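Coordinates in review
Here are the chains, one letter per residue:
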Amino acid sequence: MISGTNDIAAPPVLFDVHRNGRTIPAVASGPKNGNLFILDRTTGKPIFGVEERRVPQSDVAGERTSPTQPFPLAPRPLVPQTLSADSLSGATPEDRQWCREEIARLRNDGVFAPPSLRGSVVVPGNIGGMSWSGAAFDPPHHLLIVPVNNLAAEVRLIPRADYDHERETAGRSLNGDWEFAAQAGTPYGMARRFLRSPGGYPCSPPPWGTLNAIDADIAEVKWTVPIGQMPGAPPGLGSFSLGGPIVTAGGLIFMAGTLDPALRAFDVTSGEELWKGALPTSARATPMTFRGPNGKQYLVIS
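The text that follows walks through the structure, step by step, so that each part is easy to find. (Residues numbered from 1 in each chain as written. Predicted model: local features only at pLDDT ≥ 70, side-chain atom pairs only at ≥ 80, totals over all residues. Heavy atoms only, no water.)

What to know about the nonpolar core
As a rule of thumb, nonpolar side chains are buried together in soluble globular proteins. Formally: Residues belong to a common nonpolar core when they are buried Ala, Val, Leu, Ile, Met, Phe, Trp, Tyr or Cys residues joined through side-chain atoms within 4.5 Å. Buried means the residue's accessible area, taken with a 1.4 Å probe over protein chains only, is under 20% of the maximum for its type, while exposed means over 50%, and partly exposed covers the values in between. By the criteria applied, helices consist of DSSP H or I runs no shorter than four residues and strands consist of E runs no shorter than two, each listed in order from the N terminus. In this analysis, two residues are considered to be in contact whenever any of their non-hydrogen atoms come within 4.5 Å of each other.
Core analysis: the biggest nonpolar cluster contains 21 residues, and Phe15, Val17, Ile38, Leu144 and Val146 have the highest contact counts within it. Contributing elements (two or more residues each) for this core: β1 (13–19), β2 (22–29) and β8 (143–149). Among residues more than four places away in sequence, those in contact with Val146 are Leu36, Leu78, Met130, Ala135, Thr210, Leu211, Asn212 and Ile214. Grouped together as the second largest cluster of nonpolar side chains are 12 residues, Leu143, Trp223, Ile253 and Phe266 included.

So, the packing of aromatic side chains
What counts here: Planes of paired rings set the category: under 30 degrees apart is stacked, over 60 is edge-to-face and the rest tilted, where pairs are Phe, Tyr or Trp rings (Trp by its six-membered ring) whose centres lie within 6.5 Å.
Within the structure shown, the criterion is met by six aromatic pairs. Seen from their ring centres, Tyr201 and Trp208 are 5.6 Å apart, and the 45 degrees between their planes marks the pair as tilted. Exposure class is identical for Tyr201 and Trp208. Each is buried. Look at Phe254 and Trp275: their rings are 6.5 Å apart centre to centre, the planes differ by 75 degrees, and that puts the pair in the edge-to-face class. Pair noted here: Phe254 is in strand β15 (residues 252–255) and Trp275 is in strand β17 (residues 273–278), with a separation of 21 residues, a long-range link.

Topic: the sheet that holds strand β3 (residues 37–40)
The cut-off we apply is this: A pair of strands is treated as paired once DSSP finds two or more bridges between them. Orientation is described by axes fitted as lines to C-alpha atoms, over the contacting stretch for helices, and by angles from 0 to 180 degrees between their N-to-C directions.
The three strands lie next to each other as β1-β2-β3, forming an open sheet whose pairing is antiparallel. Each end of this open sheet is capped by a strand with a single partner; those strands are β1 and β3. The average angle at which neighbouring strand axes cross in this sheet is 40 degrees, direction not considered. Bridge count between β1 and β2: seven bridges; the pairing is antiparallel. Residue pairing across strands places Leu14 opposite Val27, the latter belonging to β2.

Concerning empty space enclosed by the protein
To keep things clear, this is the line we draw: Each cavity reported here is a set of points on a 1 Å grid over the protein atoms alone in which a 1.4 Å probe fits but cannot get out, each pocket an open set with protein on both sides within 12 Å along at least five of seven lines, and each lining residue one with an atom within 4 Å of a point. Grid points are joined across faces, edges and corners, and a volume is the space filled by probe spheres set on the points. Charged residues are taken to be Asp, Glu, Lys and Arg, nonpolar residues to be Ala, Val, Leu, Ile, Met, Phe, Trp, Tyr, Cys and Pro, and polar residues to be all remaining types, Gly included.
The tally for this structure, following the rule as stated, stands at one cavity of 30 Å³ or more. Approximately 40 Å³ is the volume attributed to the largest cavity. If you go around the largest cavity, the residues you meet are Ala10, Pro11, Val13, Ala28, Ser29, Gly30, Leu36, Met130, Gly134, Ala135 and Val146. Across the lining of the largest cavity, the residue classes tally to eight nonpolar, three polar and no charged.

And the structure:
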């Protein structure tokens, strides 16, 4: 069984790392857990180091999980990988109390916590971490531009004998929007949901989506800015996103994919939002740009 924060949904990005007088052909790949691995693409070896660390183990009878998982030494994780009762979000005290009580009854061991029968906090949740549409690279400034999401989830295993009943009565017996998977051929079905308070805000503290610039030559985060806006939330808290960025030769980052229907431009050196264009709906895609026969540059998105 693989935790929802462990799989790699985003495509890799190719670039060069300039280090100790050498130019190293590199590849960066980020799984949903918010770690970013930067490897020599000719040898597969980590450029900035990777170490094995002990991780939480399964408490499900008969299931064995790896005692360790690889963690890059740099850059740092791009999203929170734990969720504490002291950091919970919510529009009202009642919302925060709801989040606190929900999380208190779950297994909450941080990143790589396996699914359990009592329910496990999965942080970051099953949309990441790393945005599925991947990263961009700006050669003039040697910057990797990486969007990430910060939205914790709950995952519960359901014994096979109870699965159909749980699924049929989910609307009455379980609070929230649940997604079910039968996991045919195994002893357990699965139910999961994002941890959101009754008011609709995520229990995870904001920002819920950020855009990050990483200096590829030293694997350090240069800037982080919230991106987008969740419906009904104040500005500056960010939105989770399902679209990727592009970087143009003029030093602009273009990105959409957030819940609010907008296409944005950012300064690649600072992350400052320079422009926002309204869209008829949220664009769950990565933009592209081209020069038309009239010499003008165009920006398009699906």
